[in-house]
Amino acid sequence: MGWQTDAACRDTDPELFFPASDDDSSVIVARHRIAVAPICSSCPVATECLRWALDTGQDHGLWAATTPTDRRAIRRSRSAGVPDPVADTDPMCPACALLFPMPAVDGELCSRCTERNAA
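Computed from a predicted structure; not experimentally measured. (Residues numbered from 1 in each chain as written. Predicted model: local features only at pLDDT ≥ 70, side-chain atom pairs only at ≥ 80, totals over all residues. Heavy atoms only, no water.)

**Student:** Is there a simple way to explain the confidence of the model for the protein in this structure?
**Tutor:** Of the residues in the protein, 81% reach a pLDDT of 70 or more, and the chain-wide mean stands at 83. Taken element by element, the predicted model of the protein shows its lowest mean pLDDT in helix H4 (residues 111–118) (75) and its highest in helix H1 (residues 27–41) (94). (pLDDT = per-residue confidence, 0-100. Helix = DSSP H or I, 4+ residues; strand = E, 2+ residues; numbered from the N terminus.)

**Student:** How should the packing of helix H2 (residues 46–55) against helix H3 (residues 68–79) be read in this particular structure?
**Tutor:** Working note: a packed helix pair is described by the angle between its axes plus the distance between those axes. At a closest axis distance of 10 Å, the pairing of H2 and H3 adopts a crossing angle of 75°. In terms of their interaxial angle, H2 and H3 are classed as roughly perpendicular. On H3, the residues touching Leu50, Ala53, Leu54 and Asp55 of H2 are Arg71, Ile74, Arg75 and Arg78. Grouping the amino acids of the contact of H2 with H3 by side-chain chemistry returns four nonpolar, no polar and four charged. (Axes fitted to C-alpha atoms, helices over the stretch in contact; angles between N-to-C directions. Parallel < 35°, antiparallel > 145°, perpendicular 65-115°, else oblique. Contact = heavy atoms within 4.5 Å. Nonpolar A, V, L, I, M, F, W, Y, C, P; charged D, E, K, R; others polar.)

**Student:** Just checking my understanding: could you explain the pattern of salt bridges for this structure?
**Tutor:** Once their charged atoms are close, side chains differing in charge can pair, the charge on each being opposite to the other. Counted according to the given criterion, the structure contains two salt bridges. For Asp70, the salt bridge is made with Arg33, and the minimal N-O distance between the two is 2.5 Å. One end of the pair, Asp70, is in helix H3; the other, Arg33, is in helix H1, and 37 residues separate them in sequence. Owing to a relative accessible area of 24%, Asp70 belongs among the partly exposed residues under this scheme. In this structure Arg33 comes out as partly exposed when scored by relative accessible area, which is 33%. (Salt bridge = Lys/Arg side-chain N within 4 Å of Asp/Glu carboxyl O. Buried < 20%, exposed > 50% of the residue type's maximum accessible area, 1.4 Å probe, protein only.)

**Student:** Sorry if this is basic, but what is going on with the side chain of Arg71 here?
**Tutor:** Looking at the secondary structure, you find Arg71 in helix H3. Here Arg71 sits buried without a salt bridge, and the closest side chain of opposite charge, Asp59, lies 6.3 Å off (N-O distance). Once you skip the residues sitting within four places of it in the chain, Arg71 turns out to touch Leu50, Ala53, Leu54, Gln58, Asp59, His60, Gly61, Leu62, Trp63 and Thr66. (Lys, Arg positive; Asp, Glu negative; His and termini not counted.)

**Student:** When you look at the environment of Arg78 in this model, what are you seeing that I'm missing?
**Tutor:** Along the chain, the position of Arg78 falls in helix H3. In this structure, the C-alpha to C-alpha distance between Arg78 and Asp88, residues ten residues apart in sequence, is 9.0 Å.

**Student:** How do you make sense of H2 when you look at a structure like this?
**Tutor:** Note: α-helices contain 3.6 residues per turn, so residues at a spacing of three or four share the same orientation. Buried within H2 we find Ala46, Cys49, Leu50, Ala53 and Leu54. Across the axial projection of H2, the buried residues extend over an arc of 130°, all falling on one side. Considering only its buried residues, H2 is in contact with H1 and H3. Phi for Gly57, located one or two positions after H2, is positive at around 65°. (Arc of directions from axis to C-beta.)

**Student:** Help me understand the UniProt feature "binding site: [4Fe-4S] cluster" (unreviewed entry) in the protein, please; the structure alone is not making it clear to me.
**Tutor:** Summarizing the sequence annotation, UniProt attributes the feature "binding site: [4Fe-4S] cluster" (unreviewed entry) to Cys9, Cys40, Cys43 and Cys49 in the numbering used throughout. Across 41 residues, the annotated set stays spatially compact, with a maximum C-alpha separation of 10.7 Å. Cys9 has contacts with Phe17 and Ile39, leaving out every residue within four places of it along the chain. Position of Cys43 among the secondary structure elements: in the loop between H1 and H2. (UniProt positions renumbered as here; feature names shortened; annotations may be inferred.)

**Student:** How should I be thinking about unusual backbone geometry in this particular structure?
**Tutor:** Leaving glycine aside, a negative phi is the common case for residues, and trans is the common case for peptide bonds. Unusually for a residue other than glycine, Ala64 sits at a positive phi of about 55°. Tracing the backbone shows Ala64 in the loop between H2 and H3. One non-glycine residue with positive phi stands out, namely Ala65, at about 65°. Counting through the fold element by element, Ala65 comes out in the loop between H2 and H3.

The following block contains the structure:
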């Protein structure tokens, strides 16, 4: 997690990113989200922060100004093969949503899906 040293929030009280409520529709979470939005929007590593939260299944807190509900929706979309425009800047397999390294062509199937389709 080397990206954390470059995070805009590194000197901010962590409590701001962890509201006392888990209810995303609560006033408490809304206030926290409003407070972190300017920090996250100016952060040079917000994409890495969001990717880390998604990849490690963070179920609490605001990561890159996203709530746990936002991240669950992103994970559901990814599993349906729909990349997130912020977190998934790398090409991904349209069949299984597996992100693969360059030089992949966007829309190309990963090797696992290619083998499955050949069988």
